[in-house]
Structure formats: C-alpha cells, structure tokens
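Structural overview
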Amino acid sequence: MSSAMAVKTAMEGQKVLIISTDPAHSLGDALGCELSAGGQDRLKASPPMAVRAFWVRAWSFWAALLSSAAQKQAGPGACWEVFLVALALSGNGFGVLGEVAGNMEFASQMILGMDNSWQQATTSTALHSAGLMGFGQVLGLGDTGVKADGCAFFDPAAFVPFESVSSTHRKLAGYFSSGGDTSDGPDGHGTHIAGAMVGQLADAEAQTLGVSKNLGIAPAARLVVVDVEKSSAPGEYKVPHNAIEASYLDIFRNADAKVVCSPWSYDVNSELEQRIDTYVWNHPDFLPIFPSGNGIATTREGSQAQSPCSAKNVLCVGASYNARSMYEEQPSFVHTALRFGSREVPALPALFGATAPVGGKAACEAVVEDCALFKAACPECAFQPGRLAAAEAVPLRAADPEDACQPLSGFPVGHVCLVQRGGCDFLTKAKHCSDAGAMGVVIVNGLSSAMVVMTGDAALIAQYGLTLPVVLVSNADGEQLHLADTVTFPIISGTVGPQARAPYSRHGALSHPGRLKPELVVPGDGIASAAASQVCGFRQMSGTSQSCGIAAGVASLAREYLSEWADEGQARLPEVWASTLRAALVGSAELDRATVTAASTVMLPEVGYGLPVLASLLPMPAGPGLVAIQSWADSSVAQRFCLAIRPGVGAGSLSATLAWTDPPASDGSLVHDLDLQLACDVQTWAQNLGNGGASADRVNTVEKISLLGFDSFSSGLCIASITANGVSAMSPQPFSLVVAGPFVLSQCEAQVRPPNCVQGVAEQSASGWRCRCFPPYLGPFCDQDAMTLELQSDEAEASIQKLRAWQWTFFSAPVPCAGDYSLVIDAPSGSLQMHLAWGHLHTSGSGLEQREGITFDLREDGSTTIIQMQITEAAFGLAHAATLGLQWRDRSGESSISLQFSSVVSSCGAEKGLASEDPLPVALAVGLAVALILAAIASFVCWRLFRGRPKVSPPGASPDMEAAEGNHVNHAEAKAQPVEGFAGAGELYAMEVDTAKAMQRFQDTVRDALQQRQGDGGIVGQVLKQLPMQDFIDLFNTLPPGSDEIVALTEVLEKVKENFDRIIIDTAPTGHAVRLLSYPDFLERLAERVARLRERFGWLSGSKGPDQVRSFQFRMIELQELFTDPERSSFCVVTIPTNLALEETKRLLKQLEEQDINCGLVIANRILDMDQVSQAAASQQKTQEAALALLDALAKKEGLEVVRVPYMDRELQGIYGLQYLGQSLVEA
C-alpha cells in the first residue's frame, strides 16, 4: 500500500523516497522490478523523449554482493574475462524501468549527443530522437547467454529461436549454443551486455509503465546469441578457440550478424589472433569487437591488452569512466579528492560522518576491499551527493596534539583539523576535532602505512552522530598541506571523466612496438542494464565487457547511418566494410583536449584514439559533412581525394581516418602498409602524416589526422592521399577513408594558393588554381600516365579496365592516319565523368574538347557511350592520338568498364581495318628502326633539356606543338638545399645530381617508347614487329660517354636557373667534361639528320608532329650558344701542381679553345706551405688509413688482393723510375 501511495504521489510530480526496513517485504516485487542494481535506475523525463516526469529513488539497507575478478576457465589457454559487478541488491537500486536508466543514461548521452554540457563539440540533436536506433541491424554476442524472457527481450508473439534463425522475433534473431546452453548464468553477464546493446521494452509494457521503451544503444537492432557457458558450471567459458571459424564466427555471419561483441579473452593466444585476422580478411564486412581485459588497478604488471583484442583486424576497446554527472550523483571513496589552491590530491572519505554510505555501512564494508582494488564504480559505498564539498574553502589548522587522540587545545572554531595518523582509531580523532568546532578532518597517513578506508564501531558511530567530513590523504600529500591556506573536500577527482581510462582497463605495449591497442575507450564503469535474476530487473556492472557491448551498439548505428541515412553523394555506401566502421568510430573519437592541446596528437597509449562521440561525427539531419570512401590501393600510384572546405556543414568532428583489413600473418605483423597524408592550401600545403608522427606509421592498420580549427576557414582545398608500400597491382589492398568536418568531395581546384604540380605548373582560372601538365603527364597533379588503347576491329573483344573510387584514369588512343574512328565505353550509368581531347589533356576537366579539324560526336544508349571521332589531315599533322580521362564517381569498391576503339573509315587505304601487313624488305626495316632509335635519343634528351626554356621557333613551327611542350619542371628528382652554417650576405644552396639514376630513367623511358611503338598500328608497328627489338634496346646500355652527365644536367638546370644569380656546375674529370661540352653539337647534327628522314617519310613521325625535331634542333643550337657565350658562361679549370696534371690541363685548354668555350680561370689546388707540411702529412695519413680500411673490407668481400705501394717523394718518369715502381709492386 505504501508503495502504491508513493508511486501515485511521484506521478503527481513530487520527489519521493521509499524506504523499506522490513526484510520480509519485497519492495522490488511491489514496484514490479528488481532493486538489485548497484546503480541509479531512475525514471526521469529525458527532454528529447517527452516522457512524463517520473523519478523514483529507492534507498534501502540490505546486504550487498560483489562478484569481481571472476575467472572463467575454458580448458587449455585459460579463456577468461574479469568482470566487475556492483550488484548491491538494494543499495541505490532501481525503481521502475525508465528511459534514462534503460539506455544507460550517462554513457548514451556522451556517445549519442543527449547531453551537451560535457562536450561542446556535439552540435547535432540526439541520434535516438532523430530516429537512428539500429533499424535493420543484427548484432552478435558470444557470452554466458541471455535471459530471453526478460522484459528487455521478450516477444509474446514469437518463440525464442533456439538453434535457428528468426526473422519475426522482435529482439532475438537467433539463439545458439557453442559449449553453453539456452539460458544465462547466475551472474547475468550476458544479459547485462545484451541489454546495453539492443535492450528494448515491448510496446505494451512500455505503455503500461508510461516510459520510453528504448534501453540499449541500438534499441531497434536485433541480436544473435552464441552461449558459451553452461548455467550449471558458471565461470567456465567453452569458447571453441580451435574451431573459432565454423563453431563460432560462422554462426553469427550465417544469421546476418555483421558486428559481434565477444566479451572474453586470453592472456596470450597468437594462433587465435591469426585465425580471426584471416576470417576478417576473407569476410571484409564482418567486424569482431573484443575487450582489452580487466586488471587490478594498483599494478601495471601484465597490463597489456589481451588476446584476441591485440589482433590487427579487430576493434579493441578499453573501458573509460562514465560521465562525471554519474559520480556526482553516486559519490563514493573510489573517486574522491581534496583540493587546495590549484592542486588536487586523492582523499579517501570515511564510512562515517558526512560521507557515511546511504545504503548502510555493512553493505559498503562487504565490497569495499574489491572496490578499492579495482577502483570501479562502487554504489554500495555512495554517500549523499549533497555532502560533496561539505568543507569548501575552509582554513586549515594542525591539531594539538597532532594525532588528536586527546581533546584539542586552542583549536579555532570553523577550521579544518589537520591530524596525523596513529595513536588511536579514526573515529576518536574525528570526535575530538568535531568537539573542538572543526568543519572537517584531514588525516595524514603514516609514512609506511597503507592507505585504508576509514570506518569504526557501528554503535559508537551512532552514538557520536558525527556530521563533518573526514578524509585520509597520503603522507607525501599531507606534507604539502602545511602550505595550504584553505581546503575543499570531498570532491570528485578531476581525473574522472569519460575520456579517461578506467583504472582497471588493460592497455600497454604489445609484441609489435608502436601498435595501439585498445584503439578506443568506451564507457564501461557503472553501466546500468538488464539483470538476469528477475523478469524485469536491472543492475549496475563495470568492466571492459560492458565497453565491448556498448561499442557494438555504436558500430551498428554507424552502419545503419552509412547504409541508409548518409548523403548519397558523399558518404552513403551499398555495403559497409568492417574497416569503414573502424575508421568511423576512430574518426569520431576524441581525446581530452583540455590536457591534449596539440592538434597533431591523435592517440595516447592509455586511451587509444579516445572516446567515440558518434553524434559529433554524423550530420543530423543527414547531409554533407561526412565523406566515406571504400576502395583499393597499390604501389603503382597514390589514391588522392580532393576535399573542398564548405563552412557550416558537418556535425562537429574534424578528422580524416584511414583503416584497412590487412592480410593475415603468422606473427601478426603488417603485410600491406598504407599511409595517410593530408595537405591543405590553407596550411600552405604542409604535409600532415597519419597518427601525427614525424614519420609514417608502420605498425597500425588505422591512421588518423586531426583537423582541429578547420571549421574556421571560409574556403579552401584539402588533399587526402593514400599510398601503398610494397603492394602489387595484381593484389591491391582494400581500404576505407572517412573524413568528418566541413568538407565535400570535389574536383581538385585550390582556392587559397597554387597546388604542387608534380610534372606541370599551376594556373589560375575563375574557379580556382589547377595544374597544367607537361606532356606526357596527366591528372589533377600531373603525376599520371595514360594506358594505350589498341586500335581494334569491330569484332575484336573489348578491353576491360578497372576504375577506382573518385580516381582519374587516362587512356591514349593513337591512330595511324586521318579518318573516322569509334570509341565505345560501357560503364555504370550516371557515375562516370569523362574528359576527351585530341592530343594532350593539359588540365583536368570534363566534356569533349572540340578543336579545329576534329569532330567528336557523343551518343548514349543506357550504360553505353559511343563517341565518333573525325580526324582531318591537318589535325593528324598536329597530334596522332586522342587522350581520354575517366573518373568513376562512386565511392565504394571499383568499377569494371569495357573500352573498344576501332576504325570506321581512314586515309590509310582501307576501311574497317589497318594498313597493309605485307612484309617489308629487311634492309629497309633495319634502316627505319635505326632512324627511330636515333629519333628517340634526340627527342628525349632535347625534350629534357629544353622543356623549361623560352621557345625558339623555326619558321612555320606550330603554336599547338609548342603549347604541348609546356614549361616542364621535374620537382621530384633533385632539390636545392640551403647550406647550413653559411654566414655571408647572400644565400648559398647546393644540389647533388645522381647521374646514374638520371641515365637509368632515360634508358627506361626510351625502351618503353620503342616497345610501345612496336605495338602501334601502321607501317611503324610493322617495321618494329619484324626486328629483334631486344638487340636494339640493348644499345642503350652502352650509350656514348658523357650521355649520363648531359641527361642528369638537363633534369635540373632549368628548374633552378630562374631562382639564382649564379649557377656553378661541378663536372666530371677532363675527358668527360670535354664530351659533355661537345654533346649539344652532336645532338644538333643528329637531330638534323632525323628531321630530314621524318620530313621525307611522314609515316615515321610517330606520336609527335613532324616539326618537333626541327624545334629540338634549334634548341640544341641555343644550348651550344649558351656554352660559347662569354657573357653568360665561363669555364674554370681546376688542377694540381704535378706534371701529369699540367699536361692534362694543357690538353683541356686547347680543346676548349677549339670549341670556342671561354676559360677565364685556372685554380691550382693542394699547394703546400712549408709550415704546414708535418700537419698536412699527419692529416693525410689519417685519411689514408680510413680509406684503406674500407678498401680492405671491399677486397675481402669481392675476393681481391690489395697491394700497397709506398708514397714517392717525386713523380716517377723514365725507364728507371718505372723499374723502381715495378720492384716496389713485386715486393708489396
């Protein structure tokens, strides 16, 4: 009756306290639920839900139970999970089921955005109130079982689907046993986690209770249960680790559960880790979530995350504290502190006085040891929230006597009493301080005494009736209190917060240094959820297992959003990969920016990437502000995604996150390493590396970049780059990229400053900066090549090509002559952007570039695009190929397209075919091949040399041809570096050129060009097909001396010539230098002969116009003029004072004179001063010793003999000198 009256009064809006002191009367039964949850189960209206105000708080004083550090054995391997249970059968327990209690009020507010007070970045509305609740999602739980007939899961219209899959049961999609049974164990571990994941009341029951029905993080989702514990053998987990695929993981996946929480672990089980990594690799949409494990809070021994949480392809979660508001409403000794000035020190409140447990001293003492050991939420020991800061800014005075074991002398009323431990019990000390008029008591622990929770005799506590706060501080902290003016206590420690690791949550170094596990911390402390001991009961539990369940619920909401809610053009995905969910949750994770201020810091060893705040990641209502990409990467080319800054979009998170599922490895190491880089014009294109390091991350399968502050920019462009290391194009690596913030996918036009164009220059248009590429380079950043489309007959099989998400792919379609041609593209409709031009595509864009002499006619038929090309003779004289760019604008997977390029009518002398294929005379074929090779040499070297010089056009030179050359600068091959320590008035830079690498690039390019020409149609292709091309290609391994220097020099000379007042070139020794200076004259004469051949035989012109060689010839003449112009260049000879060097110098000066090259200076080096002879000899001896040691090592490695000849004090000349030298060699 009293319960009914209390409920009625509470319904009328009053705050009611029901107290039951009759152990024979079940207050829980009277209220229709269990009062056994050690936490707050309060029925409070949540503003977004518009539930009636209904708050029932039940305090009673029954006995308490704590089940902690329960080790669950699973046969070999010791599969176990420490789970912390604050069970308090009546302490601070549950009244009637309520909205806030059901969905774990505090934890859900942080993640789902229902409470902005703690997290200002959360700008979106509550995800639940917006309707995002896991509709259509199926989760998995492998644990002790679930109370299927509990109110959070019961379906009156359907049977529990034991050993089957159900599409009709409202909460359970399947209930299977793998070593377990069909019910939960006595501790209700599985039921509690299941409630946190998907718990939801039936409509009728929720209506009867007058509350919201949603309890779990994903209340609309359903659950597949795999029971691995028998109720008759509690604590024994029967996880089938040796058959984890078929007997565990397959059960979930076959029931369509794609996100699975497995709240169990092993100390170490590398074989299991590999098996799970392999399973996820084979099923990329399957995300297993594991807890990092629990450990004793007071020790760091063995604190690393356990197996299989440490596997590379799983999501590993640790436990964080709950929201501070929970601890403020349930204050206990576990999380309290004392503050003085700006400092804060831990302080243990007594179980008497102001901090006496509301639920009774006996209930608290039953669990106090375990609460202190694990430092988990301890509601059994909670005191009245109003007693926080009971002593606030109160002056502190030492007691006299200092141990307060006798009545105090001269103590000022209204002060806090500072007391030393020892001599008598805590209660006596507090009594004497209270009698003296103290406002509180601070007891300083003994130097060698352990910290304890202070208590006393129950009868004396009742007799004294103390009301002042009493706390115990460490000896070291107590020494500091003598400096304090005032103190405030007890308070909730500032270290307690949702972004901080709960003390029992395991973390630490793994076998792979630098690998981060756990990746996230999720609230796991003081979680209120369903209890298995009654039909509609609730309890509070703590542990990383609870974090696992909540993380699974969060992942299912992210999955629902990405597949059903997200913006179709930016983030919605037809199939969500496990790596995408990991990237999304890590992208939403936040560190405590009050203590971590550097934007580059994105992860910490204790908390990983931090606490996931899903509401700050997902725009609500759904729209721009979230970008999701699923694609493949290999080492051939970087995947680049351009992101335009759009102010006002996004939900609050500012991050770019890369994640991938890596192929399995026996030792768990990375097989494929991907790297994330991000550069923005608003940051002067500074490169940000994934995970904030100074160098690329080499061990983690997740990389994140924080973009703090980017919401302040009004415009700009960011480029996210994904590069793969050692990944073959035959086996590309799938990856996921999630970018959150004011960004939208866009074309690559910078707004603030020019981009870095790898093989091109930046130009500005009305819409922004973009790159203009030098031939043959293509793409938004001029670093891509075109694939060749072979000219085919209509009957030939089409070419199949792969296009990747939002990437440009380019094709060159060469033709043998003028005529009509057809290009047929079969691709997914509506998702392909096309750019076609005759000749080179200088800039990225879209559409068909119509030019004089060229006609493009486009026709679409469903998914097929047909382009008719009409090429006139005039147009064919300017270029010999069309260039096609295709961008697949979907964001998931890759697209297969077919391309067919064929001739309709051509001037080659035949229709619908190629030129005659009759064999040519061998002599003519050889001559033509030699001409082509010479043309290739001249063209390449001249192109490299003059691509950046002002044009010198011969009469009749084509403007289009000149534009096709551009000002080509290679920014990647060499770079001028400032010389450190230079203190002159000017600036000094240095550049070292690798001639061998430059020559190798030249040889590779020429080989590729000849091999490509061998596959061309027409007479050129016929000629080359009839020749032993490898023999001709091998000629480039023995090019004339001096070739390497001229090739290397031309790669860098033009890049730096405009930036410096003077350029000094250090050439090779005399012979090479002379050949270097004569090489332009040789190339000019070679170009003259090639040009004559090309003008005589037009079909030799290849892909470049016939006037181009003539243009090269004029440019070689210009280079020769540069070398011989005394106003612009001068040659300096460096020699040493020996007869041999003098003769070499004479020869060089004569050759320079013959080539009309000015020499204005001779430097004589190594001149000895008599005062420096001994010093020079000693220095030379040290240099010789070091060099000889290296020579000996090289000789030993190569199996060679080293002969040492002594230093001669003069130059050896004549027969006698040579005889002496020969004798020295024999003796040595």
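Preceding this paragraph is the structure being described.
Residues numbered from 1 in each chain as written. Predicted model: local features only at pLDDT ≥ 70, side-chain atom pairs only at ≥ 80, totals over all residues. Heavy atoms only, no water.

1. Side note on the overall build of the chain
- Counting secondary structure elements, the chain contains 29 helices and 49 strands.
- Taken across its 1228 residues, the chain has 55% of its residues classed as buried.
- Of the contacts formed within the chain by residues at least 6 apart in sequence, a portion of 76% connects residues at least 24 apart.
- Counting only carbon and sulfur atoms, one obtains 53% of the accessible surface of the chain, whose full area is about 51200 Å². (Helix = DSSP H or I, 4+ residues; strand = E, 2+ residues; numbered from the N terminus. Buried < 20%, exposed > 50% of the residue type's maximum accessible area, 1.4 Å probe, protein only. Contact = heavy atoms within 4.5 Å. Areas by Shrake-Rupley, 256 points an atom, 1.4 Å probe, with all protein chains shown as cover.)

2. Comments concerning the side chain of Ser706
- With respect to the helices and strands, Ser706 occurs in strand E29 (residues 702-706).
- With a relative accessible area of 14%, Ser706 lands in the buried category.

3. Re the nonpolar core
- Core analysis: the biggest nonpolar cluster contains 71 residues, and Met197, Leu223, Ile289 and Leu626 have the highest contact counts within it.
- The element contributing the most residues to this core is helix H16 (residues 544-565), with 10 residues.
- When near neighbours in sequence (up to four residues on either side) are disregarded, Leu223 contacts Leu139, Gly140, Leu141, Val146, Lys171, Leu172, Ala173, Gly174, Ala194, Met197 and Val198.
- Formed by 33 residues, the second largest nonpolar core is a distinct cluster that contains Cys364, Cys381, Val419 and Ala430. (Core = buried A, V, L, I, M, F, W, Y, C linked by side-chain atoms within 4.5 Å.)

4. As for the pairing of strand E40 (residues 832-838)
- Among the 7 residues in E40, 6 count as buried, and that is most of the element.
- For E40 and strand E44 (residues 881-888), the ladder comprises 7 bridges, and the chain directions are antiparallel. Bridge pairing links Leu832 to Trp888 in E44. (Pairing = 2+ DSSP bridges.)

5. Here we look at the state of the cysteines
- As enumerated under the stated definition, the model contains 11 disulfides in all.
- At a sulfur-sulfur separation of 2.4 Å, the disulfide partner of Cys151 is Cys536. One disulfide, between Cys151 and Cys536, carries an S-S torsion of 80° and so falls in the right-handed class. Here the residue Cys151 occupies a position in the loop between strand E5 (138-143) and strand E6 (172-177), and Cys536 occupies one in the loop between strand E20 (527-531) and strand E21 (537-542), the gap between them amounting to 385 residues.
- Here Cys536 falls in the buried class, since its relative accessible area comes to 8%.
- Note that Cys309 is cross-linked by a disulfide to Cys316, the S-S spacing being 1.8 Å. Around the S-S axis, the bridge from Cys309 to Cys316 shows a dihedral of about 110° and counts as right-handed. The two residues Cys309 and Cys316 agree in class, both being buried.
- Looking at the unpaired Cys1132, the closest cysteine sulfur is the one in Cys1159, lying at 6.7 Å.
- Taking relative accessible area as the criterion, Cys1132 reaches 33% and is therefore assigned partly exposed.
- Residue class for Cys1159 comes out partly exposed when judged on its relative accessible area of 26%. (Disulfide = S-S within 2.5 Å.)

6. Considering the packing of aromatic side chains
- The final tally for this structure, using the stated rule, is 14 aromatic pairs.
- Judged by centre distance (6.1 Å) and plane angle (85°), the ring pair of Trp264 and Tyr266 falls under edge-to-face. Residues Trp264 and Tyr266 agree in their burial class; the two are buried.
- Ring geometry for Phe641 versus Phe735: centroids 6.4 Å apart, planes at 65°, classification edge-to-face. Taken as a pair, Phe641 in strand E25 (residues 639-645) and Phe735 in strand E31 (residues 733-740) lie far apart in primary sequence, 94 residues in all.
- What makes Phe735 buried here is its relative accessible area of 0%.
- Taken together, Tyr248, Phe252, Trp264, Tyr266 and Phe290 form an aromatic cluster joined through their ring pairs. (Phe/Tyr/Trp six-rings, centres within 6.5 Å; stacked < 30°, edge-to-face > 60°.)

7. Here we look at the sheet that holds strand E30 (residues 717-725)
- The 5 strands lie next to each other as E28-E27-E30-E25-E32, forming an open sheet whose pairing is antiparallel. Each edge of the open sheet is held by one strand with a lone partner, namely strand E28 (688-689) and strand E32 (743-745).
- Two elements, E25 and E30, share 6 bridges in a ladder whose sense is antiparallel. Of the residues in E30, the one forming a bridge with Gln639 is Ile722.

8. Some thoughts on the packing of helix H6 (residues 189-198) against H16
- Where H6 meets H16, the closest approach of the two axes is 8 Å, and the angle between their N-to-C directions is 30°. Where H6 crosses over H16, the two elements pack in a sense that is right-handed. Facing His189, His192, Ile193, Ala196 and Met197 of H6, the residues of H16 in contact are Ser545, Gln546, Gly549, Ile550 and Ala552.
- Its residues placed into classes, the contact of H6 with H16 shows 5 nonpolar, 5 polar and no charged. (Axes fitted to C-alpha atoms, helices over the stretch in contact; angles between N-to-C directions. Left-handed = near helix turned anticlockwise from the far one by under 90°. Nonpolar A, V, L, I, M, F, W, Y, C, P; charged D, E, K, R; others polar.)

9. Comments concerning the sheet that holds strand E35 (residues 786-788)
- Spatially, E35-E38-E44-E40-E41 is the arrangement adopted by the 5 strands of the open sheet, whose pairing is mixed. At either margin of the open sheet sits one strand with a lone partner, and together these are E35 and strand E41 (847-848).
- Summarising the sheet, E40 and E41 pair through 2 bridges and their orientation is parallel. Looking across to E41, one finds that Leu836 is bridged to Leu848.

10. Observations regarding helix H27 (residues 1139-1154)
- In a regular helix each residue adds 1.5 Å, so 16 residues correspond to 22 Å; H27 covers 23 Å between its end C-alpha atoms and thus fits that length.
- Those residues of H27 that fall on the buried side of the exposure criterion are Ala1141, Thr1145, Leu1148 and Leu1152. Viewed along the axis of H27, the buried residues span an arc of 65°, placing them on a single side of the element. Opposite the buried face of H27, by more than 90 degrees, sit the exposed residues Leu1140, Lys1150, Glu1153 and Glu1154.
- Trailing H27 by a residue or two, Asp1156 shows a phi angle of about 60°, which is positive. (Expected span 1.5 Å × (residues − 1). Arc of directions from axis to C-beta.)

11. A closer look at a nonpolar patch on the surface
- Nonpolar side chains collect at one region of the surface, where Val1134, Leu1161 and Ile1163 lie side by side and expose about 270 Å² of accessible area between them.
- Tracing the backbone through its elements, the reader meets Ile1163 in strand E49 (residues 1159-1164). (Patch = residues over 30% accessible without salt bridge, like charges linked within 9 Å, V, L, I, M, F, W, Y side chains within 5 Å. Salt bridge = Lys/Arg side-chain N within 4 Å of Asp/Glu carboxyl O.)

12. Quick look at the packing of helix H8 (residues 245-254) against helix H9 (residues 270-282)
- Close contact between H8 and H9 brings their axes to 12 Å; oriented N to C, the two are set at 35°. In the crossing of H8 with H9, the sense of the turn from one axis to the other is right-handed. Facing H8, whose interface residues are Glu245, Leu249, Asp250 and Arg253, H9 presents Arg275, Ile276 and Tyr279.
- Here the contact of H8 with H9 is composed, by residue class, of 3 nonpolar, no polar and 4 charged.

13. Section: the environment of Val739
- Along the chain, Val739 turns up in strand E31.
- When near neighbours in sequence (up to four residues on either side) are disregarded, Val739 contacts Gly625, Leu626, Val627, Leu643, Ser655 and Ala656.

14. Details of the pattern of salt bridges
- Summed over all chains, the structure comprises 24 salt bridges.
- Between Arg501 and Glu606 there is a salt bridge, and its shortest N-O distance comes to 3.3 Å. A residue pair is termed long-range when its members are at least 10 positions apart, and Arg501 in the loop between strand E18 (486-492) and strand E19 (520-523) and Glu606 in the loop between strand E22 (589-590) and strand E23 (611-612) qualify at 105 residues.
- Across the pair Asp673 and Arg698 runs a salt bridge whose closest N-O atoms are separated by 2.6 Å. Highlighted residues: Asp673 in strand E27 (residues 673-680) and Arg698 in the loop between E28 and E29, separated in sequence by 25 residues.
- Residues joined in a network through salt bridges with shared partners are Glu245, Glu271 and Arg275.

15. Points about the side chain of Lys258
- Along the chain, Lys258 turns up in the loop between H8 and strand E8 (259-261).
- In this structure Lys258 comes out as buried when scored by relative accessible area, which is 13%.
- One polar contact links Lys258 to Asp285, side chain to side chain, over a distance of 2.9 Å.
- The residues contacting Lys258, other than those within four sequence positions of it, are Val138, Asp285, Phe286, Leu287 and Arg559. (Polar contact = N/O pair within 3.5 Å; in protein donor to acceptor, adjacent residues only side chain to side chain.)

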